[in-house]
Amino acid sequence: MTEIANQPVEPQIAAPVMAAARPPRKRTRGFNPVASTVKHILLIAASLLMIYPLLWMLVSSFRPTDEIFRDTTLLPTNVTIENYVYGWSALDQPFSGYLLNSAIVVLGCIIGNVVSCSLAAYAFARLKFTGKTIMFAIMLLTIMIPYHVVLIPQYILFQQFGWVNTFLPMIVPKMLATDSFFVFLMVQFIRGLPKELDEAARIDGCGHFSTFFRIIMPLMVPAIATTTIFTFIWMWNDFLSSLIYLIDPKLYTVPLALRAFLDSSGTSNWGAMFAMSIVSLIPVFLAFLFGQRFLIRGIATTGIK
């Protein structure tokens, strides 16, 4: 035992630390200026091809009516603003009256869609009630039903109510969450919000309406903005509903007013129609320009979760 204890202890040599294996580097494709240039040229050419009709209409609105269809270039020779001056006051009332009618319809539809669809979406996303799954499936199925299928029953119903030749048939249905697309859009957005917010609000004594208006709705700004922009564009360009329910020319919306410039039995004033078409496109362009950021964010954050 003493011999073993007296033997010198050899120092332990630490094993060399193996260098961590590095993953192989991925080969990155080098920048090809020729391919990039060709791609950009093709994209620019496709964009010009798509925007050419709009540019041609803009240029034609500054041409005399008798030269519109004789020249298809984008370089006007005889520039005039007569089409804008005549088109503004050519119908039964100034064109501003038709813009106001469309604004009233669009504003009512936006308020109806935002309030009713958001409340319906909160019910489907947060509340628990009997038949919720079946009702949600039926709601989704209504997206596939064409508007023309329910047009005649709706017209008979609104005629019995005495709403024909008023804006009510176009505004009131929006207050009943009839646009299933927006309900589904908001349901997907609310499902992405943490439920702990609802529980904290319930602990503080909030009911469902307080939780919705104080907690959920302020967080739904992207989805609400998307609903607002789509509703604005769809209802501003809606021609069929206005044609069916509006009889008095003074109640015409912008699409019906533009149709009044065309005469199937006589001479159509294409210059004035093109000029007022450009005027009617300005609100849509501004709405998309200033709401594009919210529109992209709202669509990007409402995917299937």
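Rules and cut-offs
- Residues numbered from 1 in each chain as written.
- Predicted model: local features only at pLDDT ≥ 70, side-chain atom pairs only at ≥ 80, totals over all residues.
- Heavy atoms only, no water.
- Helix = DSSP H or I, 4+ residues; strand = E, 2+ residues; numbered from the N terminus.
- Buried < 20%, exposed > 50% of the residue type's maximum accessible area, 1.4 Å probe, protein only.
- Polar contact = N/O pair within 3.5 Å; in protein donor to acceptor, adjacent residues only side chain to side chain.
- Contact = heavy atoms within 4.5 Å.
- Core = buried A, V, L, I, M, F, W, Y, C linked by side-chain atoms within 4.5 Å.
- Phe/Tyr/Trp six-rings, centres within 6.5 Å; stacked < 30°, edge-to-face > 60°.
- Lys NZ or Arg CZ within 6 Å of the ring centre and 35° of its normal.
- Patch = residues over 30% accessible without salt bridge, like charges linked within 9 Å, V, L, I, M, F, W, Y side chains within 5 Å.
- Areas by Shrake-Rupley, 256 points an atom, 1.4 Å probe, with all protein chains shown as cover.
- Salt bridge = Lys/Arg side-chain N within 4 Å of Asp/Glu carboxyl O.

**Details of the side chain of Asp-179**
Here is step 1: Here Asp-179 is to be found in the loop between helix 7 (168–171) and helix 8 (180–191).
Here is step 2: The class of Asp-179 is buried, set by a relative accessible area of 16%.
Here is step 3: Separated by 2.9 Å, the side chains of Asp-179 and Asn-113 make a polar contact.
Here is step 4: Aside from chain neighbours lying at most four places away, what touches Asp-179 is Asn-113, Cys-117 and Lys-174.

**Focus: the nonpolar core**
Here is step 1: The biggest cluster of nonpolar side chains holds 53 residues, and the ones touching the most others in it are Phe-95, Met-220 and Met-276.
Here is step 2: The leading source of residues in this core is helix 4 (residues 95–126), at 14 residues.
Here is step 3: Dropping the residues within four chain positions of it, Phe-95 is found in contact with Gly-87, Trp-88, Val-254, Ala-257, Leu-258, Phe-261 and Met-276.

**Section: the packing of aromatic side chains**
Here is step 1: Overall, the coordinates contain 22 aromatic pairs when judged by the stated rule.
Here is step 2: A ring pair is formed by Trp-56 and Phe-274, whose centres lie 5.6 Å apart and whose planes are at 70 degrees; its orientation type is edge-to-face. One end of the pair, Trp-56, is in helix 2 (residues 33–60); the other, Phe-274, is in helix 14 (residues 270–300), and 218 residues separate them in sequence.
Here is step 3: Overall, the relative accessible area of 15% leaves Trp-56 in the buried class.
Here is step 4: Between Phe-182 and Trp-234 the ring centres are 5.4 Å apart and the planes differ by 35 degrees, which places this aromatic pair in the tilted class. Residue Phe-182 is located in helix 8, and its partner Trp-234 is located in helix 11 (residues 221–236); the two are separated by 52 residues in the primary sequence.
Here is step 5: Through successive ring pairs, a cluster of aromatic residues spans Tyr-155, Phe-158, Phe-161, Trp-163 and Tyr-245.
Here is step 6: In this structure, Arg-191 packs its charged tip against the face of Phe-136, placed 5.3 Å from the ring centre.

**Quick word on a nonpolar patch on the surface**
Here is step 1: Taken together, the side chains of Ile-44, Leu-48, Ile-51, Tyr-52, Leu-54, Leu-55, Leu-58, Leu-74 and Leu-281 define a hydrophobic patch exposed on the protein surface, amounting to about 710 Å² of accessible area.
Here is step 2: For the nonpolar patch, the element with the highest residue contribution is helix 2, accounting for seven residues.
Here is step 3: Here Leu-74 is to be found in the loop between helix 2 and helix 3 (82–88).
Here is step 4: With a relative accessible area of 34%, Leu-74 lands in the partly exposed category.

**Here's the deal with unusual backbone geometry**
Comment: phi is negative for the bulk of residues other than glycine, and the bulk of peptide bonds are trans.
Here is step 1: In this structure, Asn-165 takes a positive phi of about 70 degrees despite not being glycine.
Here is step 2: Relative to the helices and strands, Asn-165 resides in the loop between helix 6 (151–161) and helix 7.
Here is step 3: Judged by relative accessible area, Asn-165 falls into the partly exposed class, the value being 25%.
Here is step 4: Positive phi is not limited to glycine here, since Ala-177 has a value of about 55 degrees.
Here is step 5: Structurally, Ala-177 can be placed in the loop between helix 7 and helix 8.

What is shown is where atoms sit, not what they do.
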